[in-house]
Amino acid sequence: MSHHGVGHSAPSGARGSVESAAAAAWARSATTAPQPNDGGTSRRHQRTATHAVALLAAGALAVPLLAGCGSDDEASKPLAGQDIVPVARDAVAEGGTLKMAVDAVPETFNTFQADADAGTTRVAQAVLPSMFTIDATGKPVRNPDYLESAKVIETEPRQVVLYKLDQQAVWSDGREIGAADFAAQWRALSGKDSAYWTARNAGYDRIAQIERGANDLEVRVTFDRPYADWRSLFSPLYPKDVMGTPDAFNDGARRKLTVTAGPFRVDKVDTAKKDVVLTRNPRWWGRPAKLDEIDLHAVDRTKRAAALADGTVDVADIDAADADRITVAGREKGTGLPLQGAGKTSAKKLRSWALTLGMNEEKLPKGPKKLRRSIAKWLEQQHELRDFGVRKSLEPAYTQLALNGSEGPLADERVRRAVARALDRQALAKVVLTPLGLPAVPVGSHVALSGQAAYTDGSGALGGLDTHEAQALLADAGWVAGGPVKAGGKAAGAEDEKKGDKQKDGGEQGDESDGGHDGQYIVGEDDKAYDKDTRDHQKDHAHGAPGAYAPKGTAAPRGGAPAGPLAKDGKALSLRFVLPSGPGSETLQAVAAQISQMLDRVGIATEIQKVSDDSYFKDHIAAGQYDLALYSWPSSAFPATDARPIYAKPVVAADGSLNVEQNYTRVGTDQVDQLFDQALGTLDEDEADGLLRKADSRIWAAAGSLPLYQRPQLVGARKDLVNVGAFGFQTPVYQDMGFLKKGAKTSPSPSKG
């Protein structure tokens, strides 16, 4: 169901981690690149690696961002609205238990630890304070249950934010929420004490002081540097009991959370039954929860439809296949299948019927008796699934094609741009979204999604589909059709390059820049000036960014695909395309097949390598062992903070290793870093949005990350469940969830009463 707001940056690759990536993202996780397990016993390091692996399995998350070449005269809108069956609170029945599917019982209830996941976030949203939540457009908004106001009251000599707390806001032990809790969380997350096993310290490291205001309801937060994303802090807010000491932080809130302050509280954790039970908080001062209880139950992604049918859960994130099952079940009035009567039915006919029903061919038993039982069970489930519906929207995340720019052919920006110009991103979006009835619009930004204030389509900085231009770029880079290939020679790819040829600096670099104009960035400007032919050629392409084209006069094959394989220095041009192979990765594999066909048309061969979900991220993406890969990033309401580590220029550490943070493409520039830093340091929101758009234009132009489509969000839910489903950007309101009151009808918008 992806119950979350917009937040942290954690990649995802597999369906199994859709929920982990999406919801853990909103927990705003680590901003350092995970390293392969070195066999050590450090608990802190193990948790970091585990978290990163869990978030990038096989086809989960997606995230769009802003751009610099599109028009921002008109504000963008979310491409798809919420689908939660909203009703007024007086139409929701009192009481009841909502059984909600999660991927696993959370390893920790501390969202600031490395192994926090989607379940962690859901618990935190239901039981802990958040000073700000996210609205339907992906914008942070004050949470009136905890805050009367929060605003910047001073900017000179330093930024000061004054929080005025609701006078009824108390922890479940009766103590007032106050400055002591804010201060304890700041000290734990500031990064100054390594005894705290924190996953990140973004924003908290800019705080200089926290103190009580004019009374106990006021908290003054003073920053030592201006911080644009100050609204990202203290959401969630933990009690000082959890944050006050390293031991409490590291171990005190892993499988218990005794002091809370939300509409629900953690009642019990049953690892044997795979349940986390949340019950009403008797000290809650806001609108009371409609439900008596919420049970978070761990259900494998491949068993969600069965769990819905047998009543194990009432609501669950599902994949396209399960969504289709539920939709078909709602239309069926009879089976008309050869399972009735006394006659025998051949295994062949039974198998044919099973496939017609949509059953998984690979999982069908062989014998007729087992087949009949399997089909009968399927039909029984279909009968039960008639009580469910599919609620769908677009997840606040985007799927991208990542190009590893550290070595091999893709270390050449011209080859990366050629890959980009060969892709029909609209067609790729249609492959995923059109069958689901969702808008198939390519993502136009790396830093925001359509509907968010900073969003504008910046893809023009690179240019759209143009196979002739792609071939010209390849020719300019020295890749020619029919070139000699040395006998026994390997294809050129990241895995085949010598270590000494690796680009240790992670891509282009350069001097200070004022950022130029939106969408007007020349790739390579950081290192060298473009010659006159290049500038003349750019004048002929006024609708794209300078530098995104081959120099004027570059020869390129005409009339279709190259006459033969492209080669250079005796090596054929072939890129290793790494994909996950686990359950739910079919969508990524279908997209990859389309991409391979598109690249083949311009002479770029691809070698698809399917790897296990467990090793996909850890051993390939994070380790840089790939040329092309598909994975996703969550969107963020705070892109200056959360997107920066994803696109930061890699730097060489003191020990000679390359620190890539979360930039697994290894492509970055000084200018992009500077623009993010400038956006982070201004308190003028319009100025920050403009700086982010400039950064996005340069990210597009560097062609290390190519956003493709916003991820679909599919939720199977009982038809009588209300205020629950596909939330899109918005943070769920747990106290409004429940079952429709008898005789009540759904209304077009939820009540605030």
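Everything here concerns the structure above.
In every chain, residue numbers begin from 1 and rise along the written sequence. This being a predicted model, a pLDDT of at least 70 is required before a residue's local features are given, and a value of 80 or more before pairs of side-chain atoms are given or counted; all residues contribute to the totals for chains, interfaces and linings. As a rule here, side-chain values cover all heavy atoms of the structure and leave hydrogens and water aside.

## Details of empty space enclosed by the protein
Any empty space left between atoms is shown by rolling a water-sized probe over those atoms.
No. 1: Cavities and pockets were defined on a 1 Å grid built over protein atoms only: a cavity is a set of grid points that admits a 1.4 Å probe from which the probe cannot escape, a pocket is an open set flanked by protein on both sides within 12 Å along at least five of seven lines, and lining residues are those with an atom within 4 Å of any such point. Grid points are joined across faces, edges and corners, and a volume is the space filled by probe spheres set on the points. Tallied over the entire structure, the rule returns 6 cavities of 30 Å³ or more.
No. 2: Space inside the second largest cavity adds up to approximately 130 Å³.
No. 3: In terms of lining residues, the second largest cavity is bounded by 18 residues, among which Tyr 647, Asn 663, Thr 665, Val 667 and Ile 699 are the most central.
No. 4: Per the convention used, a helix needs a DSSP run of H or I reaching at least four residues, while a strand needs a run of E reaching at least two, with both numbered from the N terminus. Breaking the lining of the second largest cavity down by element, the ones donating at least two residues are strand 18 (628-634), helix 18 (644-647) and helix 20 (685-702).
No. 5: Broken down by element, the residue count for the lining of the second largest cavity peaks at 3 residues, all from helix 20.

## Thoughts on the sheet that holds strand 7 (residues 218-223)
No. 1: Pairing between two strands requires that DSSP report at least two bridges joining them. Spatially, the 4 strands line up as an open sheet ordered 4-5-7-6, and their pairing is antiparallel. One side of each edge strand has no neighbouring strand; the edge strands of this open sheet are strand 4 (147-154) and strand 6 (207-212). Shown here is a sheet whose adjacent strand axes are inclined to one another by a mean of 15°, direction ignored.
No. 2: Here strand 5 (residues 160-165) runs beside strand 7; their pairing, made up of 5 bridges, is antiparallel. Of the residues in strand 7, the one forming a bridge with Val 160 is Thr 222. Whenever a helix is involved, its axis is fitted only over the stretch in contact; in every case the axis is a line through C-alpha atoms, and angles between N-to-C directions fall within 0 to 180 degrees.

## Some thoughts on the sheet that holds strand 15 (residues 571-572)
No. 1: In space, the 3 strands of this open sheet follow the order 13-14-15, with antiparallel pairing throughout. On the outer flanks of this sheet lie strand 13 (480-481) and strand 15, each paired with one strand and no other.
No. 2: Looking at chain direction, strand 13 and strand 14 (residues 566-568) are connected through 2 bridges and run antiparallel. Pairing of Ala 481 across the sheet is with Leu 566, part of strand 14.

## Points about the pattern of salt bridges
No. 1: By salt bridge we mean one thing: a side-chain nitrogen of Lys or Arg within 4 Å of a carboxyl oxygen of Asp or Glu. Counted under the stated rule, the structure contains 27 salt bridges.
No. 2: Residue Asp 412 is joined to Arg 414 by a salt bridge in which the shortest nitrogen-to-oxygen separation is 2.8 Å.
No. 3: Note on classification: 1.4 Å probe, protein chains only; a residue is buried when its accessible area is under 20% of the maximum for its type, exposed when over 50%, partly exposed between these limits. Of the residues examined, Arg 414 reaches a relative accessible area of 25% and is grouped as partly exposed.
No. 4: Among the ionic pairs, Arg 644 bridges to Asp 677, the shortest N-O distance being 2.7 Å. Remark: Asp 677 occurs in helix 19 (residues 670-680) and Arg 644 occurs in helix 18; sequence separation between them is 33 residues.
No. 5: Given a relative accessible area of 37%, Asp 677 falls into the partly exposed group.
No. 6: Sharing partners across several salt bridges, the network here consists of Asp 103, Arg 122, Arg 301, Arg 304 and Asp 317.

## So, the side chain of Asn 723
No. 1: Inspection of the secondary structure assignment puts Asn 723 in the loop between strand 22 (721-722) and strand 23 (738-739).
No. 2: The buried category is assigned to Asn 723, whose relative accessible area is 6%.

## Looking at the packing of helix 12 (residues 425-433) against helix 15 (residues 586-600)
No. 1: The contact between helix 12 and helix 15 brings their axes to 10 Å, and the two run at 155°. Judged on the interaxial angle alone, helix 15 and helix 12 are roughly antiparallel. Considering only the axes of helix 12 and helix 15, their crossing is right-handed. Between helix 12 and helix 15, the residues in contact are Ala 427, Leu 428, Val 431 and Val 432 and Thr 587, Ala 590, Val 591, Gln 594, Ile 595 and Met 598, respectively. Under this scheme an angle from 65 to 115 degrees is roughly perpendicular, one under 35 degrees roughly parallel, and one over 145 degrees roughly antiparallel; angles in between are oblique. It is the rotation of the near helix from the far one that decides the hand of a crossing: anticlockwise by less than a right angle makes it left-handed, clockwise makes it right-handed. Note on contacts: a residue pair is in contact if any heavy atoms of the two residues lie within 4.5 Å.

## So, a negative patch on the surface
No. 1: Patch rule: a residue counts if its relative accessible area is over 30% and it has no salt bridge; like charges are joined within 9 Å, and nonpolar side chains (Val, Leu, Ile, Met, Phe, Trp, Tyr) within 5 Å. Residue burial considers only the protein chains on display, and all accessible areas are found by Shrake-Rupley using a 1.4 Å probe. In this tally, Lys and Arg are treated as positive and Asp and Glu as negative; His is ignored, and so are the chain termini. For charged residues, the charge sits on one atom: NZ in Lys, CZ in Arg, CG in Asp, CD in Glu. Taken together, Asp 310, Glu 380, Glu 384, Asp 387 and Asp 720 make up a surface patch of like negative charges.
No. 2: Structurally, the position occupied by Asp 720 is in the loop between strand 21 (705-718) and strand 22.
No. 3: A relative accessible area of 35% means that Asp 720 is categorised as partly exposed.

## Some details on the nonpolar core
No. 1: Residues belong to one nonpolar core when they are buried, are Ala, Val, Leu, Ile, Met, Phe, Trp, Tyr or Cys, and are joined through side-chain atoms within 4.5 Å. The biggest cluster of nonpolar side chains holds 104 residues, and the ones touching the most others in it are Met 131, Tyr 163 and Phe 234.
No. 2: By residue number, the principal contributor to this core is helix 4 (residues 179-189), which donates 7 residues.
No. 3: Not counting chain neighbours up to four residues away, the residues in contact with Met 131 comprise Val 141, Arg 142, Asn 143, Tyr 146, Leu 147, Tyr 163, Leu 165, Phe 182, Leu 233, Phe 234, Ser 235 and Leu 237.
No. 4: Within the second largest apolar cluster, 59 residues are counted, among which are Leu 428, Leu 573, Leu 588 and Tyr 709.

## A look at helix 8 (residues 320-331)
No. 1: Expected span, for any helix, means 1.5 Å times one less than how many residues it has. Taking 1.5 Å per residue as the helical rise, helix 8 with its 12 residues ought to reach 16 Å, and the 17 Å between its terminal C-alpha atoms agrees with that figure.
No. 2: Turning to helix 8, its buried residues are Asp 322, Ala 323, Arg 325, Ile 326 and Ala 329. Buried residues of helix 8, viewed axially, fall in a sector of 155°; they line one side.
No. 3: Its buried side turned inward, helix 8 meets helix 7 (304-309), helix 10 (368-384), strand 12 (388-403) and strand 21.
No. 4: Nitrogen and oxygen atoms within 3.5 Å of one another constitute a polar contact, given that in protein one can donate a hydrogen and the other can accept it, and given that sequence-neighbouring residues count only through two side-chain atoms. Regarding helix 8, its N-cap is Asp 319, as a side-chain oxygen of that residue lies 3.3 Å from the backbone nitrogen of Ala 321 further along. The arc refers to the directions leading from the helix axis to the C-beta atoms.

## Topic: the environment of Val 313
No. 1: Mapped onto the elements, Val 313 comes out in the loop between helix 7 and strand 11 (315-317).
No. 2: Judged by its relative accessible area of 0%, Val 313 falls in the buried class.
No. 3: The spacing of Val 313 and His 297 is 16 residues in sequence and 7.3 Å in space, taken between C-alpha atoms.
No. 4: Not counting chain neighbours up to four residues away, the residues in contact with Val 313 comprise Lys 99, Met 100, Ala 101, His 297, Val 299, Ala 307, Leu 308 and Phe 388.

## Here's the deal with the environment of Ile 608
No. 1: Positionally, Ile 608 belongs in strand 17 (residues 605-611).
No. 2: A residue is classified by how much of its surface remains accessible, and Ile 608, at 37% relative accessible area, is partly exposed.
No. 3: Ile 608 sits 21 residues away from Ala 629 along the chain, and the two C-alpha atoms are 9.7 Å apart.

## Details of the environment of Glu 176
No. 1: As for its position among the elements, Glu 176 is in the loop between strand 5 and helix 4.
No. 2: When its relative accessible area of 40% is taken as the criterion, Glu 176 is described as partly exposed.
No. 3: Residues Glu 176 and Asp 216, 40 residues apart in the sequence, show an inter-C-alpha distance of 8.5 Å.
No. 4: For Glu 176, the contacting residues outside a window of four places in its chain are Ala 169, Val 170, Trp 171, Asp 181 and Asp 216.

## Remarks on helix 3 (residues 118-127)
No. 1: Most of helix 3 sits inside the fold, with 9 of its 10 residues counted as buried.
No. 2: Of the positions making up helix 3, those classed as buried are Ala 118, Gly 119, Thr 120, Thr 121, Arg 122, Val 123, Ala 124, Ala 126 and Val 127.
No. 3: At the N-terminal boundary of helix 3, the capping side chain belongs to Asp 117, with an oxygen 3.1 Å from the backbone nitrogen of Gly 119.

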